[in-house]
Amino acid sequence: MDLQRKLDCPATMQIRCIKVYNEYSIDKAMCPTENSMAMARRAVLKQINEKSKSDPEFNFRISTRFYVKISLSSAHFNHPVGESSTIGQYVDRRIVEKIYELVNRNITNISELKRFLDQYVDNELFPGLPEERRPKKTNRRYYPCRQDLRNYVAKAISAMKYCDNDKEALQRKIQDWQSRFFYRTRDAVVNKTKNQVLLKNLFSLSIKSHGSNDCWKDMGANSP
């Protein structure tokens, strides 16, 4: 059913689903009054309930009927009726998903989008249907206007940058920063500082060790 904006329109549509037990029936000739008809209905329902309780595996032969009651077109108010009513429809979910897919492929030109969407509607959503059974070009649900396309393109681009998952959004932001800045974690800085201090201490220790050996050599050379 087409999704339309209902602006205080009094028109309604009623659908009633009725299950018919084919093995059970009521003879109207035996029920001349409403009271007798009600009693006959209760008796039949009692038989059905008793049968289902006594034999749970029994398969009733059931047929389902739908009765639909729709208001006349003259009962509609505050919104267009007929082909003009397709102008104010919401864009179909599949069309929106296709727009997001095209934007992810870096197709953001409105004219290009319309061409791809027209092909998508004709070849994938309604393939092989005659022209009279396909949606009209004025049907905004399948043929969004240029302003609709601009809005959805902007939403798709924004969705590519941000997402509802905070962790994923942070990861995307970090990747964006890394493309422009040099990203270095605190652990890397601390480890680098520790390594520099360790190398400096080892170098100092090595110098002291060599200096001490030279001193012992000099003392040994001067001893009698």
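Analysis parameters
- Residues numbered from 1 in each chain as written.
- Predicted model: local features only at pLDDT ≥ 70, side-chain atom pairs only at ≥ 80, totals over all residues.
- Heavy atoms only, no water.
- Core = buried A, V, L, I, M, F, W, Y, C linked by side-chain atoms within 4.5 Å.
- Buried < 20%, exposed > 50% of the residue type's maximum accessible area, 1.4 Å probe, protein only.
- Helix = DSSP H or I, 4+ residues; strand = E, 2+ residues; numbered from the N terminus.
- Contact = heavy atoms within 4.5 Å.
- Phe/Tyr/Trp six-rings, centres within 6.5 Å; stacked < 30°, edge-to-face > 60°.
- Lys NZ or Arg CZ within 6 Å of the ring centre and 35° of its normal.
- 1 Å grid on protein atoms, 1.4 Å probe; cavity = no way out; pocket = protein on both sides within 12 Å on 5 of 7 lines; lining within 4 Å.
- Points joined across faces, edges and corners; volume = space filled by probe spheres on them.
- Nonpolar A, V, L, I, M, F, W, Y, C, P; charged D, E, K, R; others polar.
- Salt bridge = Lys/Arg side-chain N within 4 Å of Asp/Glu carboxyl O.

Focus on the nonpolar core
One broad rule of soluble globular proteins: the nonpolar side chains tend to lie buried together. By size, the foremost hydrophobic cluster in this structure holds 20 residues, and its most contacted members are Ile 95, Ile 99, Leu 113, Leu 117, Val 121, Leu 125 and Tyr 142. Contributions of two or more residues to this core are made by helix H2 (93–104), helix H3 (110–125) and helix H4 (146–161). At six residues, the largest contribution of residues to this core is made by H3. Contact partners of Leu 125, with chain neighbours within four places excluded, come to Arg 94, Ile 95, Tyr 120 and Tyr 142.

So, the packing of aromatic side chains
Within this structure, the stated rule accounts for four aromatic pairs. Geometrically, the ring pair formed by Tyr 24 and Phe 60 is tilted, given 6.3 Å between the ring centres and 45 degrees between the ring planes. On the criterion of sequence distance, the pair formed by Tyr 24 in the loop between strand E1 (13–21) and helix H1 (34–54) and Phe 60 in the loop between H1 and strand E2 (62–70) is long-range, its members being 36 residues apart. Each ring, one from Phe 58 and one from Phe 60, has its centre 4.9 Å from the other, and the planes form 85 degrees; the classification is edge-to-face. The aromatic ring of Phe 116 is capped on one face by Arg 105, whose charged end is 5.9 Å from the ring centroid. Residue placement shows Arg 115 over the ring face of Phe 116; its charged tip is 4.8 Å from the ring centre.

Quick look at empty space enclosed by the protein
The full count for this structure, using the stated rule, is one cavity of 30 Å³ or more. Size it by volume and the largest cavity reaches roughly 30 Å³. The wall of the largest cavity is formed by Lys 114, Leu 117, Asp 118, Tyr 142, Tyr 143 and Pro 144. For the lining of the largest cavity, a count of residues per class yields four nonpolar, no polar and two charged.

A look at the pattern of salt bridges
Counted by the stated rule, this structure contains nine salt bridges. A salt bridge links Glu 101 to Lys 98; the nearest nitrogen and oxygen atoms lie 3.5 Å apart. A residue pair is termed a helical-turn pair when its members lie 3 or 4 positions apart in one helix, as Glu 101 and Lys 98 do in helix H2 at three residues. With a closest N to O distance of 3.8 Å, Arg 105 and Glu 101 form a salt bridge. Looking at Arg 105, the relative accessible area reads 45%, which means it is partly exposed. A residue is classified by how much of its surface remains accessible, and Glu 101, at 37% relative accessible area, is partly exposed. One salt-bridge network, in which partners are shared between bridges, spans Asp 92, Arg 94 and Arg 141.

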